[in-house]
Amino acid sequence: MSIYEKLNPMQQEAVYTTNGPLLILAGAGSGKTRVLTHRIAYLIDECGVNPWNILAITFTNKAAGEMRERVDDIVGFGSEQIWVSTFHSACVKILRRFADLLGYERNFVIYDTDDQKHVMKEICKRLHIDTKVHKERAILSAISSAKNEMIDAKAYALNAAGDYSKKRIADAYLEYEKTLYKNNAMDFDDLLVKTVEVLRNNEDVLNYYQERFKYIMVDEYQDTNTVQFRLVSLLAGKYRNLCVVGDDDQSIYKFRGANIYNILNFEKEFPDAKVIKLEQNYRSTKNILDAANSVIKNNKGRKAKRLWTENETGDKIVFHQYQNEYDEAYQIVEEIDKTVDQNKAQYHDFAILYRTNAQSRVLEEKFVSKSIPYKVVGGVNFYQRKEIKDILAYLKTIDNGRDNLSVQRIINVPKRGIGAASVSKAVEYAQERDMSLFDALECCEDIPRLGKTAEKIKGFVNMIAVFRAQSEYISLAELLENILEETGYIKELEEEYEEQAEARIENIDELMNKIIAYEQEEEEPTLSGFLENVALVADIDSLDESEDYVMLMTLHSAKGLEFPYVYMCGMEDGLFPSYMTIVSDDPDEIEEERRLCYVGITRAKKKLTMTCARSRMVRGSTQYNRPSRFVSEISPALFDKGRVPEKVKPELHIPKSTVYSKKQTADNIISYGKAFEVRKASALDYTVGDTVKHIKFGTGVVINIVDGGKDYEVTVDFEKSGVKKMFASFAKLKLVD
DNA sequence: TGTCTATGAATTTTT
DNA sequence: TTCATAGACA
């Protein structure tokens, strides 16, 4: 029996359809990775396709690695020749060869969010843009959206005519592009945009890659944006053997420019496209799947599909409402500990998913105190830590003297007496002469009014020059060693008394390990190569399933993973769905949150537990949230009736009717949540979800109550005047029945 | 120039 | 609550 006969009929069809455009709508857990890997194997083994001619694009480096491994298992040989990579790293590969066609040097650097912010800050200063009105982050995100839609700075400026605020952003955009170009740097979006540019403007290059990639597969297609779509269309333009796999219900990156119409309109773009639906789920129990389906069906504008499974019914969904986030964390950790103690599962069978990274802290504390191994995915990326960025800035400066940003970052780190005033003199000088900062520093005796600092700058320039010379003949690890030694970076850390210093040194050691590993893996290790390796990694990439720890991560990071036991915590309106999406007038935002919820639920194989807290500290003040609307979208019959939230304490009165007190079964957990009590609320006779009346704004629904210490800050969505925030004692809101 | 303090902003998600 | 930045002062 061939390996393909083990697939179900739909999967087989997907594998055997090798030519022409193909859209595979693959529901959660429907074995899409299996289909993709088998399809690749089939192309190579049965259709005689050269592995060299296959391009597979995945969402993360981790997914890419896994795919290669799995293909390797079923294909005889040649899997290493397949291009399996993320969009970004594929683009970097192309640009490293052809960036010169756009006037860049091939060793361009990649700017991360942090770098972008630095650049933007300076631009705002230069252009006299008031960053109170236009925040750097907001400008950058406007630029990013523009780039994702392939609107360049000029086009943006044309578009902005008349709109003053937009015009200012356009100015910043133009300047930003100039700066990056001058610095020989690209941001994440550029990698995609510039690749498309190269392909569009150079027929021979396009032709080369079209010939090379005769078969293209794109995973997680629902999260691609417009540039990515363009890129794929260009590459597949000749042979049209384009296979995309995705699930519109799992589209959760709209905020990052993902264009859901890429998948919804695939058939319009490629009229001859074949569409195959994979609807059988192999991952979860019936209960879990039913829960997922009952949540997602509340979304409009999705492709019709219904996931089903032959798996057993399984445990019911458990829902718990706790007093506060500490209680919640304690109970979850306790439960995991117990289950593992009883030998029912191992630590790595558990994942705790949350909406925001900040939620991990309380959980971590509990894990530490019970000494249970755990790992947090995400949060502050390793490569974004100060010490790592400092060291990398040294490496970048050595690698690419045009990168002004890195030079500025390290010129006085560790302190060598070159202050901000001197630096800005040098920057000014360089700008006037249209040269790079480093070049200006090299001839710093020509820079006016520097005084004694010129000597110090000379020292810095010399040191970099020495490193640069060394880098020609010593290994990267040795180079790093020298940098740490010569600059006195480690020494400075050691002299600090803070406990943080120790962690920083550990991180630097970790970086050293990564450099050594890179040099061992790579045939031709180069400094540029290492730097780009580092620029495009996500935290999730370094995940190792063979180790036994509980995993903590955001719902976003959980995409593509699965766990026997899943805890979704912080299931509260205002947290998930987030406050921002609740008050937004774009109903689509709630739908995206709902898809996120769907993703979370479908991560669970065996058992799903949802929890929430009555009160929670958010940014230093206490919030009172009611259970998430998503919880109430799940049919009560799917919940475990034995597990209901603890009784309301007698001293807390239940407002309005007492319907809920009859019997506390799963059937009324949900409505129960609505009636929960605000602890110090004797002063307030309304709560979240109630309709209230304001003397000026009329009637509205309370959507949030925050305990600001002295007073409650109440947020109300008024019918006529929209969302308003007010202090309870001033607002004098009256409860409307 | 460097350090200390006060004030303010932020939190939705990330390649 | 925590981090970052601006301003004051040595």
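Calculation criteria
- Residues numbered from 1 in each chain as written.
- Chains lettered and ligands numbered in written order.
- Predicted model: local features only at pLDDT ≥ 70, side-chain atom pairs only at ≥ 80, totals over all residues.
- Heavy atoms only, no water.
- Near = heavy atom within 4 Å.
- Polar contact = N/O pair within 3.5 Å; in protein donor to acceptor, adjacent residues only side chain to side chain.
- Nonpolar A, V, L, I, M, F, W, Y, C, P; charged D, E, K, R; others polar.
- Patch = residues over 30% accessible without salt bridge, like charges linked within 9 Å, V, L, I, M, F, W, Y side chains within 5 Å.
- Areas by Shrake-Rupley, 256 points an atom, 1.4 Å probe, with all protein chains shown as cover.
- Salt bridge = Lys/Arg side-chain N within 4 Å of Asp/Glu carboxyl O.
- Lys, Arg positive; Asp, Glu negative; His and termini not counted.
- Charge placed at Lys NZ, Arg CZ, Asp CG, Glu CD.
- Helix = DSSP H or I, 4+ residues; strand = E, 2+ residues; numbered from the N terminus.
- Buried < 20%, exposed > 50% of the residue type's maximum accessible area, 1.4 Å probe, protein only.
- Pairing = 2+ DSSP bridges.
- Core = buried A, V, L, I, M, F, W, Y, C linked by side-chain atoms within 4.5 Å.
- Contact = heavy atoms within 4.5 Å.
- Phe/Tyr/Trp six-rings, centres within 6.5 Å; stacked < 30°, edge-to-face > 60°.
- pLDDT = per-residue confidence, 0-100.
- Axes fitted to C-alpha atoms, helices over the stretch in contact; angles between N-to-C directions.
- Parallel < 35°, antiparallel > 145°, perpendicular 65-115°, else oblique.
- Left-handed = near helix turned anticlockwise from the far one by under 90°.
- Expected span 1.5 Å × (residues − 1).
- Right-handed = clockwise from strand over helix to strand, strands pointing away.

### A short note on the protein's contact with DNA strand B
Taken together, 24 residues lie around DNA strand B, and Lys 135, Arg 137, Arg 355, Ser 422 and Ala 538 are the ones closest in. Of what DNA strand B places within 4 Å of the protein, 61% of the atoms are sugar or phosphate. Within the contact set of DNA strand B, a base oxygen lies 2.9 Å away from a side-chain nitrogen or oxygen of His 88. In this structure, a base oxygen belonging to DNA strand B sits 2.4 Å away from a side-chain N or O atom of Arg 355. Among the residues forming the surface near DNA strand B, the class breakdown is seven nonpolar, ten polar and seven charged.

### Regarding a negative patch on the surface
A cluster of acidic residues, Glu 69, Asp 72, Asp 73 and Glu 80, forms a negative patch on the protein surface. Residue placement: Glu 69 occurs in helix 3 (residues 61–74). Judged by its relative accessible area of 55%, Glu 69 is exposed.

### Concerning the pairing of strand 17 (residues 621–624)
In the sheet, strand 16 (residues 604–618) pairs with strand 17 via four bridges, with the strands oriented antiparallel. Its bridge partner lying in strand 17, Ser 615 is registered against Tyr 624. Between the antiparallel neighbours strand 16 and strand 17 lie two residues, among them Arg 619 with a positive phi of about 50 degrees.

### What about the protein's contact with DNA strand C?
Close to DNA strand C lie Arg 361, Lys 386, Arg 619 and Gly 620. For DNA strand C, a phosphate oxygen lies 3.4 Å from a polar atom in the side chain of Arg 361. Residue classes in the surface near DNA strand C are distributed as no nonpolar, one polar and three charged.

### Details of the nonpolar core
Counting 52 residues, the largest nonpolar core has Leu 392, Leu 395, Leu 441, Phe 460, Leu 479 and Phe 530 as its most contacted members. Leaving out residues up to four positions away in the same chain, Phe 460 has contacts with Tyr 394, Val 407, Ile 410, Ile 411, Arg 416, Ile 418, Phe 438 and Leu 441. Val 92, Leu 95, Phe 98 and Ile 260 belong to the second largest nonpolar core, which has 46 residues in total.

### Quick look at the packing of aromatic side chains
In this structure the tally under the stated criterion is 19 aromatic pairs. Taking the centre distance of 6.2 Å and the plane angle of 70 degrees together, the rings of Phe 319 and Phe 639 count as edge-to-face. Linking Phe 319 in strand 11 (residues 318–324) with Phe 639 in the loop between helix 28 (629–633) and helix 29 (666–674), this pair joins segments that are 320 residues apart in sequence. In terms of burial, Phe 319 and Phe 639 fall into one category: buried. When the centroid spacing of 4.7 Å and the interplanar angle of 20 degrees are considered together, the rings of Phe 350 and Tyr 565 count as stacked.

### So, the pattern of salt bridges
By the definition in use, this model includes 43 salt bridges. With its nearest N and O atoms 2.8 Å apart, the salt bridge here joins Glu 105 to Arg 402. In this pair, Glu 105 is assigned in the loop between helix 4 (87–98) and strand 4 (109–111) and Arg 402 in the loop between helix 17 (386–399) and helix 18 (404–410), connecting sequence segments 297 residues apart. Asp 223 is the partner of Lys 559 in a salt bridge, and the nearest nitrogen-oxygen pair spans 2.2 Å. You can see Lys 559 sitting in the loop between strand 14 (550–554) and strand 15 (563–568) and its partner Asp 223 sitting in the loop between strand 6 (215–218) and helix 11 (226–235), a full 336 residues away along the chain.

### A closer look at a positive patch on the surface
Taken together, the side chains of Lys 117, Lys 121, Lys 125, Lys 135 and Arg 137 present a region of like positive charge at the surface. When residues in the positive patch are grouped by element, the largest group, three residues, is from helix 5 (residues 113–126). Inspection of the secondary structure assignment puts Lys 125 in helix 5.

### Some details on the confidence of the model for chain A
Note that predicted coordinates carrying low pLDDT should not be read in detail. Mean pLDDT over chain A works out to 84, with 92% of the residues at or above the 70 mark. Contacts from residues 642–682, a stretch scored under 50 in pLDDT, to residues over four places away or in other chains number 72 contacts.

### Some details on the sheet that holds strand 6
Strand pairing in a sheet relies on backbone hydrogen bonds, with the paired strands running either antiparallel or parallel. The parallel open sheet is built from six strands, whose spatial order is 3-2-6-7-1-8. Unpaired on one side and paired on the other, strand 3 (83–86) and strand 8 (274–278) mark the two borders of the sheet. Neighbour to neighbour, the strand axes of the sheet diverge by 15 degrees on average, direction disregarded. As paired elements, strand 1 (residues 22–26) and strand 7 (residues 242–246) share four bridges and run parallel to each other. Each residue of the ladder has a partner; that of Leu 25, found in strand 7, is Gly 246.

### Some words on the packing of helix 2 (residues 32–45) against helix 3
Where helix 2 meets helix 3, the closest approach of the two axes is 9 Å, and the angle between their N-to-C directions is 50 degrees. Regarding the angle of helix 2 to helix 3, the classification is oblique. For the crossing formed where helix 2 meets helix 3, the hand is right-handed. Contacts between helix 2 and helix 3 involve Thr 33, Arg 34, Leu 36, Thr 37, His 38, Ile 40, Ala 41 and Asp 45 on the former and, on the latter, Met 67, Arg 70, Val 71 and Ile 74. Taken together, the residues of the contact of helix 2 with helix 3 sort by class into six nonpolar, three polar and three charged.

### Considerations on helix 21 (residues 453–471)
Over its 19 residues, helix 21 extends 27 Å from the first C-alpha to the last, a length consistent with the 27 Å expected when each residue adds 1.5 Å. Inspection of helix 21 places Thr 453, Ala 454, Ile 457, Phe 460, Val 461, Met 463, Ile 464, Phe 467 and Gln 470 among the buried residues, and these make up the whole buried set. Buried residues in helix 21 make contact with helix 17, helix 18, helix 19 (420–432), helix 20 (437–442) and helix 22 (476–487).

### Some points on the packing of helix 5 against helix 6 (residues 136–148)
Contact geometry for helix 5 and helix 6: axes closest at 9 Å, N-to-C directions at 110 degrees. Between helix 5 and helix 6, the crossing angle belongs to the class labelled roughly perpendicular. Mapping the contact onto sequence places Gln 116, Lys 117, Met 120, Lys 121 and Cys 124 in helix 5 and Glu 136, Arg 137, Ile 139, Leu 140 and Ile 143 in helix 6. Of the residues contributing to the contact of helix 5 with helix 6, the split by class is five nonpolar, one polar and four charged.

### Quick notes on the pairing of strand 7
A regular strand places its side chains so that they alternate between the two faces of the sheet. Of all the five residues making up strand 7, five are buried; the element is thus mostly covered by neighbouring parts of the structure. A two-sided burial pattern is seen for strand 7, the buried positions comprising Leu 242, Val 244 and Gly 246 on one face and Cys 243 and Val 245 on the other. Relative to strand 7, strand 6 is paired through three bridges, and the arrangement is parallel. Within strand 7, the position partnered with Met 217 by the bridge is Cys 243. Crossover connection from strand 6 via helix 11 to parallel strand 7: handedness right-handed.

### Here's the deal with the side chain of Gln 12
Here Gln 12 lies in helix 1 (residues 9–16). Non-local contacts of Gln 12, meaning those with residues more than four positions away in its chain, are made with Tyr 4, Glu 5 and Leu 7.

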